[in-house]
Amino acid sequence: MSENAKASSVNRAKLYQLVLFPLNNGATNVYYVLVLSYIATFGSNVLALGTLFASVMVTAMRLCDAITDPIIGALMDRTNGKFGKFRPFMAIGNLIMAASILVLYGITPMIPDTMMWARYAAFVGLYFVWVIGYTFQTSCTRSGQTVLTNDPKQRPLFTIFNTVGSLLGMGVMQFLAPILAKNYEGGYASAGFFRTLAPVGIVISILLTILAIIGIWEKDQPKYFGIGGEKTEKVKVSEYLQIIRENKPMQRLMIAGAGTKLALSIANNTTVLCMLYGCMMGAYDGLYLPMMVLGYACSVPFFILSVRTSQKKGQKASLTKYVSVALACYVGVLVLLLLWGHGDAFHLSLLGENGLSINLYTILFILFFGIGYGAYYATADMPIPMVADCSDYETYRSGNYIPGIMGTLFSLVDKLVSSLSATVVGIAVSFVGLESLPTQYDPLHPRHELGGHRAVLHHPDGGLGRHPHRHEGLHPDRREDEGDPGRQRLPPRRGGQGHEAGRGHSQVAEHGPAARRVPQLRRSSSACAGVE
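Bear in mind the structure is a predicted one, so any value in this text is a computation, not a measurement.

(A) Layout of a nonpolar patch on the surface. A cluster of nonpolar side chains, Y16, V203, I206, L207, I210, L211 and I214, forms an exposed patch at the surface whose accessible area comes to about 580 Å². Looking at which element gives the most residues to the nonpolar patch, the answer is helix 11 (residues 191–216), with six residues. Looking at the element boundaries, L207 is found in helix 11. With a relative accessible area of 51%, L207 lands in the exposed category.

And the structure:
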């Protein structure tokens, strides 16, 4: 191929196209928060379906994707109509998700609890419909980049513009959710919270989808399909498996993308954050938003560094380098959490009675968490533009232009792994003995039994920094319950009904030996319940 031919084969995007099209990922990330972060809590606490069922169903439903994803990908590869290859799937997918979530969050809670079979059926059916719409739109984010640009200097820029879309989608939803939850008794466990959050998220997602369609409108044409617009033969469905088997870069990318996605999904899971900032640290309302803002702020320099590294050394080198930085910092965070409560120095302290009171533990926690989250968040979506590279590789290797099957294949692994996080969290919560997923508005219960031992969370003042020396952390209390007449138990919570905030504090051990051993706890709206 001559130099002129090579130059003419380079497809570059305009600036507005590079900015707008990644908003498609922001549009689907709205539903990532709206559904994958909250659906287990919704099923467990609002519909009273049971903790394990709601959590495991998120993973089990994704097994259907093994059938639907390849079909949708093949359908996309064969689509070449008046409105292009990708725009119809973006629009239709978004509408399917909007309709299914409106019905799921708005209508299913109205089903009487005497018709639990109908709740189970509606939950499974509507969630399955949503998954199909989610596949329609998410696959376009990955496969659509093959027509947007093939310039190796432009593709790494996707991670920066995708951040803008994520902040307008996922970031806004994460910011609004705790604010909206305060308006409802029960917080995340309230049906009213979901009825309010769903329309807000749907409007944001539709607006971002429209902007993304504008961004790809000019490029979604046959002349940009394949190599310089050359026509390629249609690939039979039976040939897809062989193609994937031969595309080694795609296989390695799926493994790398799966690992980063699973880590992000578990770290951002609502239940995990409630138990960390609420149950363990006792200050959910005071820590959630500041730590989220800290992570986003620290990601800015890493986005710039990762793009420069990708343009100079390639995206693989950039991904490996900054994921290693994130891993090292998260190991540091883990060590700090294991040391939590082992003495007066091992707690977060910002403000004391005499003003600023910050200790070394707090400084290290902020540094490790900020740098770790920043480095990781900057690389979390880096595999997405790399899918386009793998699709281009397949086109040059075999002459087959199949961005749809490439995008849906990666989307399949992405969704399986992200949904697996809900199952991991659900099993962990069930293992410690809770009957429903805790929220930030569940009351703190001072004692939780597990295997004959009680874990006592001493949190007398319920406020971070007021009396930091009193935060004694979570430690085992090996006293046996037998022979302790002063101990009184709270009844277990039933589907969606938490104990009244602070009620457990006045009902536990008001007399007898236990009253002298367990300090009284003040009312705290940001702690989690231990169900006995």
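(B) Geometry of the packing of helix 16 (residues 315–338) against helix 17 (residues 360–380). Viewed as axis vectors pointing N to C, helix 16 and helix 17 meet at an angle of 150°, and their least axial separation amounts to 8 Å. Taken together, the axes of helix 16 and helix 17 are roughly antiparallel relative to one another. With respect to the hand of their crossing, helix 16 and helix 17 are arranged in left-handed fashion. Across the interface between the two elements, L319, Y322, V323, V325, A326, C329, Y330, G332, V333, L336 and L337 of helix 16 pack against Y361, L364, F365, F368, F369, I371, G372, Y373, A375, Y376 and T379 of helix 17. Class assignment for the residues of the contact of helix 16 with helix 17 results in 19 nonpolar, three polar and no charged.

(C) Region of the structure containing the environment of M76. Within the secondary structure, M76 is located in helix 6 (residues 65–78). You can call M76 buried: its relative accessible area is 0%. When residues no more than four places from it in sequence are discounted, the contact partners of M76 are K85, F86, F89, F136, S139, C140, S143 and G404.

(D) Spotlight on unusual backbone geometry. Even without glycine at this site, A48 takes up a positive phi of about 60°. Relative to the assigned elements, A48 resides in the loop between helix 4 (39–46) and helix 5 (51–62). Taking the relative accessible area as the measure of exposure, A48 reaches 27% and is therefore partly exposed.

(E) Geometry of the side chain of D220. When you line up the elements, D220 lands in the loop between helix 11 and helix 12 (240–246). A distance of 2.9 Å separates a polar atom in the side chain of D220 from the backbone nitrogen of K85. With near-sequence residues (within four places) excluded, D220 lies in contact with F83, G84, K85, F86, R87 and F225.

(F) How the structure looks around the environment of I39. Within the secondary structure, I39 sits in helix 4. Residue I39 is classed as buried on the basis of its relative accessible area, which comes to 0%. Distance in space between the C-alpha atoms of I39 and Y105 is 9.2 Å, their sequence separation being 66 residues.

(G) Up close: the nonpolar core. In terms of nonpolar packing, the biggest core is built from 91 residues, with Y31, Y38, I101, Y105, W130, F193 and Y277 touching the most fellow members. Considering every element that reaches this core, the biggest residue donor is helix 11, with eleven residues. In this structure, Y31 is in contact with L36, N94, M97, A98, I101, W130, I202 and S205, ignoring residues within four places of it in sequence. In terms of nonpolar packing, the next biggest core, distinct from the first, is built from 15 residues, M254, V387, C390 and I405 among them.

(H) Broad picture of a positive patch on the surface. A cluster of basic residues, R245, K248, R252 and K316, forms a positive patch at the surface. With respect to the helices and strands, the residue K248 is situated in helix 13 (residues 248–267).

(I) Region of the structure containing the packing of helix 4 against helix 8 (residues 116–143). At a minimum axis separation of 12 Å, helix 4 and helix 8 run at an interaxial angle of 170°. Taken together, helix 4 and helix 8 sit at an angle that is classed as roughly antiparallel. Contact residues: I39, F42, G43 and V46 in helix 4; R119, F123 and Y127 in helix 8.

(J) Seen up close, the pattern of salt bridges. If you walk through the whole model with that rule in mind, you get six salt bridges. Salt-bridge contacts for R12 lead to D151; the nearest nitrogen and oxygen are separated by 3.0 Å. With a gap of 139 residues between them, R12 in the loop between helix 1 (3–8) and helix 2 (15–20) and D151 in the loop between helix 9 (145–148) and helix 10 (158–181) connect regions that are remote in the sequence. Among the salt bridges present, the one from D220 reaches R87, with a minimum N-O distance of 3.2 Å. Highlighted residues: D220 in the loop between helix 11 and helix 12 and R87 in helix 7 (residues 87–106), separated in sequence by 133 residues. By sharing partners, the salt bridges in this structure join R155, D389 and D392 into a single network.

(K) Structural detail: the packing of aromatic side chains. A complete count under the given rule lists 25 aromatic pairs for this structure. With 6.5 Å between their ring centres and 85° between their planes, F86 and F225 make a pair best called edge-to-face. Of the two residues, F86 is situated in the loop between helix 6 and helix 7 and F225 in the loop between helix 11 and helix 12; the sequence distance between them amounts to 139 residues. For F86, a relative accessible area of 0% translates into the label buried. Owing to a relative accessible area of 7%, F225 belongs among the buried residues under this scheme.

(L) Focus on the confidence of the model for the protein chain. In the predicted model, the protein chain carries a mean pLDDT of 74, and 74% of its residues have values of at least 70. When pLDDT is averaged over each element of the protein chain, helix 7 comes out on top at 94 and strand 4 (residues 453–458) at the bottom at 31. A low-confidence stretch, residues 1–8 stays under pLDDT 50, and its non-local contacts, those more than four residues away or across chains, total one contact. Taken together, the stretch residues 445–532 has pLDDT below 50 and engages in 199 contacts with residues farther than four places along the chain or on a different chain.

(M) Molecular detail of the environment of L264. Mapping L264 onto the fold places it in helix 13. For L264, a relative accessible area of 8% gives the class buried. The spatial distance from the C-alpha of L264 to the C-alpha of A380 is 7.7 Å, given a sequence separation of 116 residues.

(N) Summary view of helix 16. Between the first and last C-alpha of helix 16 there are 34 Å, a value that for 24 residues agrees with the 34 Å anticipated at 1.5 Å per step. Buried within helix 16 we find Q315, S318, L319, Y322, A326, C329, G332, V333 and L336. For helix 16, the secondary structure elements touched by its buried residues are helix 13, helix 15 (284–313), helix 17 and helix 18 (383–398).

(O) Inspection of the side chain of N45 at higher detail. Take N45: it is sitting in helix 4. Taking the relative accessible area as the measure of exposure, N45 reaches 3% and is therefore buried. Within polar-contact distance, the side chain of N45 engages the side chain of S44 at 3.5 Å.

Cut-offs used in this document
Each chain carries its own residue numbering, running from 1 in the direction its sequence is written. Local features in this predicted model are restricted to residues whose pLDDT is 70 or higher, and side-chain atom pairs enter the listing and the counts only when it is 80 or higher, whereas totals over whole chains, interfaces and linings include all residues. The side-chain figures draw on all heavy atoms in the structure; neither hydrogens nor water molecules are used. Residues form patches when they are more than 30% accessible in relative terms and have no salt bridge. Like charges link within 9 Å. Nonpolar side chains (Val, Leu, Ile, Met, Phe, Trp, Tyr) link within 5 Å. Shrake-Rupley sampling with a 1.4 Å probe provides the accessible areas, and residues are treated as covered by the protein chains on show and by no other component. By definition here, a salt bridge exists when the distance from a side-chain nitrogen of Lys or Arg to a carboxyl oxygen of Asp or Glu is within 4 Å. A run of DSSP states H or I qualifies as a helix once it reaches four residues; a run of E qualifies as a strand once it reaches two. Both are numbered from the N-terminal end. For each residue, the accessible area found with a 1.4 Å probe, counting protein chains only, is set against the maximum for its type, and the residue is called buried under 20%, exposed over 50%, and partly exposed in between. With axes taken as lines fitted to C-alpha atoms, and helix axes fitted only over the stretch in contact, angles between N-to-C directions fall between 0 and 180 degrees. Oblique is the label for any angle not covered by the other classes, which are roughly parallel (under 35 degrees), roughly antiparallel (over 145) and roughly perpendicular (65 to 115). The hand of a helix crossing depends on one turn: near helix anticlockwise from the far one by less than a right angle means left-handed, and clockwise means right-handed. A contact between two residues is defined here by any heavy atoms of the two lying within 4.5 Å. Gly counts as polar in this scheme, as do all residues outside two lists: the nonpolar Ala, Val, Leu, Ile, Met, Phe, Trp, Tyr, Cys and Pro, and the charged Asp, Glu, Lys and Arg. Under the rule applied, a polar contact is a pair of N or O atoms within 3.5 Å (in protein, one hydrogen donor and one hydrogen acceptor; residues adjacent in sequence only if both atoms are side-chain atoms). As used here, the term nonpolar core means buried Ala, Val, Leu, Ile, Met, Phe, Trp, Tyr and Cys residues forming a set that is joined through side-chain atoms within 4.5 Å. His is not counted, nor are the chain ends, whereas Lys and Arg count as positive and Asp and Glu as negative. Charge positions are represented by NZ for Lys, CZ for Arg, CG for Asp and CD for Glu. Two rings belonging to Phe, Tyr or Trp (six-membered ring only in the last case) form a pair when the distance between their centres is within 6.5 Å. Interplanar angles under 30 degrees mark stacking, angles over 60 mark edge-to-face geometry, and anything in between is tilted. The pLDDT value tells you how sure the predictor is about a given residue, anywhere from 0 up to 100. Every helix has an expected span of 1.5 Å times one less than the residues it contains.

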